[in-house]
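What follows is the residue order along each chain.
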Amino acid sequence: MAEVSANSFIPETFQGTTVDLTSQIGLLWELIRVPLIVPLLKFAVVVCLVMELMLFAERLYMGIVIVLVKLFWKKPEKRYNWEAMKEDLEAGSSNFPLVLIQIPMFNEKEVYKISIGAACNLSWPADRLVIQVLDDSTDPIVKDLVEKECKRWAAKGLNITYQIRETRGGYKAGALKEGLKRDYVKDCEYVAIFDADFRPEPDFLRRSIPFLMHNSKIALVQARWRFVNSDECLMTRMQEMSLDYHFTVEQEVGSATHAFFGFNGTGGIWRIAAINEAGGWKDRTTVEDMDLAVRASLRGWKFVYLGDLQVKSELPSTFKAFRYQQHRWSCGPANLFRKMVMEIVRNKKVNFWKKVYVIYSFFFVRKIIAHMVTFFFFCVVLPLTIMVPEIDVPKWGAIYIPCIITTLNSVGTPRSIHLLFFWILFENVMSFHRTKATFIGLFEAKRANEWVVTEKLGDGLKNKNSKPNKKFQFNFNIGDRIHVTELGFAAFLFFCGCYDYLYGKNYYFVYMFLQTITFSIVGFGYIGTIVPT
């Protein structure tokens, strides 16, 4: 057999130096495009379209159910036994159950007074209320301020205890678990949890506890979050749109159909017996709230969501804080899914359809597929197909179904429907961070258990900005303001948009250029609130 030279596999133009680099790259692209790129990209398009259909079916199902719930379902007060709490002059406060309020916090200088004050102003007999401030702060100044605030309320006759630990082991889950071990809470039947920026209305306990008192199988009553700073900047408006859909649709549908949804970690009240039966708080993931909810549900406990019981809270208004929060909220569920999927499958106490709902709908589609299809399809695969004319993405997959999904997502916040287009572009940018976090959780990579407390600004920034004749200096930390990955995607999408403008036929360049602008704005750090020193 004749000896084959390696050069015989390489075109002659590559063997000399007469052809410039651009021509060589172009020729190499032509060599690999048909045998390699086209099949891979076709496969990627099919996978993305399948994921998109899964997400579409999920959104359509929840849209239909929420309409039926609003039109025909009874209110929670009618579906379950519920009686208003009544004062008994003869019995005094003895007919009120003993309730524990837990307020976990970590260096919450700007907002610590908010939740403590709101908890102390709850309309509940003072001798039937135990307030526990679980302070894991590392700043001694903040610790001193929080302790003094607790003593101030204790002097008014409130049963409030300032609790600290030697270490932050287990983070929030560790603090909550440690708090339940204290002797002075052993007689408490229920525990309400409020993060440091949450401010429940005075009637919170009177409206929620009757569900637990008169229905022995209910473990959790979850209230809806409302946001005091949603109008602070465009980024907080975008967050409000996403979270309003979560509460208005996802939580409502889960409560009405399966009596199950993910505990939101705050703004809810638990039956302590249910927590203990489920195995207590665990710190194996960064979503200890969801972990407990799934374990309790697998033991047959039911949850109730009250959409008209609202608790005010604060949205992260700096992009750095929001990015860390989204990492935790995306990585944690994926990591929990990895650890619990077989436990759910083997469970004998819940029926088959509830298992399907938890595994497929709650975890797989909402926590994994939703992030991945948004990023891979609209930020990677669709732009690449522009440069490969052999691949034709169907209009229903590229335009029609995404528009329907987006419209369904907008029902939670009608007042922001005019911002829907901005929301789409911003969500596409954030899908990169969420997808990366999802993979970290699924493969339990290095940052899987990273816990960064979401920074809250409270009224501090507003008060500073209201001071006249005050000159501010802005910290310009290039690591916080310049995001190289986002700028890289902006360059990639700009190139794809230019190519489509010159050679394409589907007018995708309009979307590409708008998405390029959004990635660039985020990449240069012009998003969210800029905090002055």
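Note that the coordinates shown come from a computational prediction; the quantities given were computed from them, not determined experimentally.

1. Re the packing of helix H2 (residues 21-72) against helix H12 (residues 352-385)
So, point 1. The N-to-C vectors of H2 and H12 enclose an angle of 135 degrees; their axes lie 8 Å apart at closest approach. By the angle class used here, H2 and H12 are oblique. In this structure, H2 crosses over H12, and the sense of that crossing is left-handed.
So, point 2. The residue inventory of the contact of H2 with H12, partitioned by class, reads 21 nonpolar, two polar and three charged.

2. Thoughts on the packing of aromatic side chains
So, point 1. Enumeration over the complete set of coordinates arrives at 32 aromatic pairs.
So, point 2. Between phenylalanine 261 and tyrosine 305 the ring centres are 6.3 Å apart and the planes differ by 80 degrees, which places this aromatic pair in the edge-to-face class. Taken together, the residues span a long stretch of sequence, with phenylalanine 261 in the loop between helix H8 (234-257) and strand S7 (268-271) and tyrosine 305 in strand S8 (residues 302-313) at a distance of 44 residues. Assigned by exposure class, phenylalanine 261 and tyrosine 305 land together as buried.
So, point 3. Here the basic side chain of lysine 217 rests over the ring of tryptophan 301, its NZ or CZ set 4.7 Å away from the ring centre.
So, point 4. Over the ring of tryptophan 451 we find arginine 328, and its NZ or CZ is 4.6 Å from the ring centre.

3. Some remarks on the pattern of salt bridges
So, point 1. Under the defined criterion, the tally for this structure stands at 24 salt bridges.
So, point 2. Aspartate 291 serves as the salt-bridge partner of arginine 284, at 2.8 Å between the closest nitrogen and oxygen.
So, point 3. You can call arginine 284 partly exposed: its relative accessible area is 23%.
So, point 4. On the basis of relative accessible area, aspartate 291 is assigned to the buried category, the value being 0%.
So, point 5. Ionic pairing is found between arginine 338 and glutamate 444, a salt bridge with its closest N-O pair at 3.3 Å. On the criterion of sequence distance, the pair formed by arginine 338 in helix H11 (residues 319-346) and glutamate 444 in the loop between helix H14 (420-442) and helix H15 (460-465) is long-range, its members being 106 residues apart.
So, point 6. By relative accessible area, which is 32% here, glutamate 444 ends up partly exposed.
So, point 7. A cluster of three or more residues bridged by salt bridges with shared partners is formed by Asp231, Arg237, Glu240 and Arg415.

4. Some details on unusual backbone geometry
So, point 1. One non-glycine residue, asparagine 107, adopts positive backbone phi at about 50 degrees.
So, point 2. By the secondary structure assignment, asparagine 107 is in the loop between strand S1 (99-105) and helix H4 (112-120).
So, point 3. Positive phi outside glycine occurs at tyrosine 171, with the angle close to 50 degrees.
So, point 4. Residue position: tyrosine 171 is located in helix H6 (residues 171-180).
So, point 5. With relative accessibility at 32%, the residue tyrosine 171 sits in the partly exposed group.

5. Some details on the sheet that holds S8
So, point 1. Strand order in the open sheet made by the eight strands is S3-S2-S1-S4-S7-S6-S8-S5, with mixed pairing throughout. One side of each edge strand has no neighbouring strand; the edge strands of this open sheet are strand S3 (160-164) and strand S5 (199-200).
So, point 2. In terms of strand pairing, S1 meets strand S2 (residues 129-135) through seven bridges, oriented parallel. What sits directly across from leucine 100, in S2, is valine 130.

What counts and how
Residues numbered from 1 in each chain as written. Predicted model: local features only at pLDDT ≥ 70, side-chain atom pairs only at ≥ 80, totals over all residues. Heavy atoms only, no water. Axes fitted to C-alpha atoms, helices over the stretch in contact; angles between N-to-C directions. Helix = DSSP H or I, 4+ residues; strand = E, 2+ residues; numbered from the N terminus. Parallel < 35°, antiparallel > 145°, perpendicular 65-115°, else oblique. Left-handed = near helix turned anticlockwise from the far one by under 90°. Nonpolar A, V, L, I, M, F, W, Y, C, P; charged D, E, K, R; others polar. Phe/Tyr/Trp six-rings, centres within 6.5 Å; stacked < 30°, edge-to-face > 60°. Buried < 20%, exposed > 50% of the residue type's maximum accessible area, 1.4 Å probe, protein only. Lys NZ or Arg CZ within 6 Å of the ring centre and 35° of its normal. Salt bridge = Lys/Arg side-chain N within 4 Å of Asp/Glu carboxyl O. Pairing = 2+ DSSP bridges.

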